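Coordinate analysis (summary)
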Amino acid sequence: MASLGSNRYGKQHVRVLRKHLSGSTQSVVEISADVLVEGSFDKAFLGPDNSQIVATDTIKNTVIALAHEHLGPCIEDFALVLGRHFLDRHRGIDRAAIELRERVWERLSIQGKPAAHSFHAPGLGEPFTRLEITRVGAELRSGVRHLVLLNSTSSGFAGFDRTEFTTLADTDDRILSTELDATWRFLEEDAIYREANSRARDALLSVFANNASPSVQRTLFEMGQAALEAVPEISEITLRLPNRHYFPADLTPFGITNPNLTFLPQAEPHGQIEAVIHR
């Protein structure tokens, strides 16, 4: 006899852009939203009765309509608006999991003058927030994904464990390249999220740029430690730092010496280093 286990459903990749006006100057906020709900939906799974179901089309329309009313520069605030709405308006929903990913648009500067309504996409990753909310509480996490970084020096790797299968040589000068994913958990629901996120990102980048790296593992921990020190509003941070390898090019067949100046990027495989840093 089959039985129904844990289940949820919803709408993913709901994209919406909200324009804001300030005189002749405009600004924009663009998000992609995933909303998954859990609750009393067993009748739909176990039979033809859909009376418990909130249509995924309704979920999509709710995101769009509430974005028109509430989406501003702080996506965490909008995630809380969405989560509370689904619990308040739909008694069959017990839990909502919401993730908002922001496409950042920065104002263009033309001949030193900020453009009134023209923007470009910068390269400092994809901000996101993820809310898990029930009728008894909420947990909010924010962070940044796909933040591509590279140090051309001040990175080494030596003294590691060796076996008969080890071919990697020790080095005190290598390229360190990564695509940072960072997620931090907020202690409270009433933080000034946008400002806290900025401090967390600045702390991560400062360590990456300024600290000599004996390993990606050590750099990861120092980055997380700095973020916790800079942002007392967060309780922990999860970091994922893939090691995108750049190997020195062997130019000896051409009679050329390469004093650690020319490198060959290797797409795959890559190293993967992950950790959670707590207070």
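We now turn to the structure provided with this report. Model, not experiment: these values are computed from the prediction. (Residues numbered from 1 in each chain as written. Predicted model: local features only at pLDDT ≥ 70, side-chain atom pairs only at ≥ 80, totals over all residues. Heavy atoms only, no water.)

1. Considering the sheet that holds strand 9 (residues 234–243)
- Across the sheet, which stays open at both edges, the eight strands sit in the order 1-2-3-6-7-8-9-12 with antiparallel pairing between neighbours. Two strands bound the open sheet, and with one partner strand each, they are strand 1 (9–22) and strand 12 (271–278). Looking at each pair of strands side by side, their axes are set apart by 15° on average, direction ignored.
- Taken together, the eight bridges between strand 9 and strand 12 define a ladder with antiparallel strand orientation. Bridge pairing in strand 12 links Leu 241 to Ile 273. (Pairing = 2+ DSSP bridges. Helix = DSSP H or I, 4+ residues; strand = E, 2+ residues; numbered from the N terminus. Axes fitted to C-alpha atoms, helices over the stretch in contact; angles between N-to-C directions.)

2. Some words on the layout of surface pockets
- Counted as a void, the largest pocket has a volume near 580 Å³.
- Looking at the largest pocket, it is lined by 25 residues, and the ones nearest its centre are Glu 102, Val 104, Pro 127, Arg 194 and Arg 201.
- Elements that contribute at least two residues to the lining of the largest pocket include exactly strand 2 (25–39), helix 3 (75–89), strand 4 (106–110), strand 6 (126–134), strand 7 (138–151) and helix 4 (193–210).
- Per element, the largest residue contribution to the lining of the largest pocket is four residues, and it comes from helix 4.
- Of the volumes computed, that of the second largest pocket is approximately 470 Å³.
- Along the walls of the second largest pocket sit 20 residues, with Phe 157, Leu 168, Thr 171, Arg 174 and Phe 247 positioned nearest its centre.
- Listed by contribution, the elements that provide at least two residues to the lining of the second largest pocket are helix 5 (216–230), strand 10 (246–248) and strand 12.
- Sorting elements by how many residues they give to the lining of the second largest pocket places strand 10 first, with three residues.
- Along the lines of polarity and charge, the residues of the lining of the second largest pocket split into 10 nonpolar, six polar and four charged. (1 Å grid on protein atoms, 1.4 Å probe; cavity = no way out; pocket = protein on both sides within 12 Å on 5 of 7 lines; lining within 4 Å. Points joined across faces, edges and corners; volume = space filled by probe spheres on them. Nonpolar A, V, L, I, M, F, W, Y, C, P; charged D, E, K, R; others polar.)

3. Topic: the environment of Ala 138
- For Ala 138, the position within the fold is in strand 7.
- The residues touching Ala 138, leaving out its near neighbours within four places in the chain, are Leu 131, Glu 132, Ile 133 and Glu 189. (Contact = heavy atoms within 4.5 Å.)

4. Re the nonpolar core
- Core analysis: the largest hydrophobic core is formed by 60 residues, its most contacted members being Leu 100, Leu 180, Leu 204, Ile 237 and Leu 239.
- In terms of residues, this core owes the most to one element, helix 4, which gives eight residues.
- Excluding its chain neighbours within four sequence positions, the residues that come into contact with Ile 237 are Ala 182, Thr 183, Trp 184, Leu 204, Gly 224, Ala 227, Leu 228, Ala 275, Val 276 and Ile 277. (Core = buried A, V, L, I, M, F, W, Y, C linked by side-chain atoms within 4.5 Å. Buried < 20%, exposed > 50% of the residue type's maximum accessible area, 1.4 Å probe, protein only.)

5. Looking at the environment of Phe 157
- By the secondary structure assignment, Phe 157 is in the loop between strand 7 and strand 8 (176–186).
- Since its relative accessible area comes to 24%, Phe 157 is described here as partly exposed.
- Discounting chain neighbours no more than four positions away, the residues touching Phe 157 are Leu 168, Ala 169, Asp 170, Thr 171, Arg 174, Pro 214 and Ser 215.

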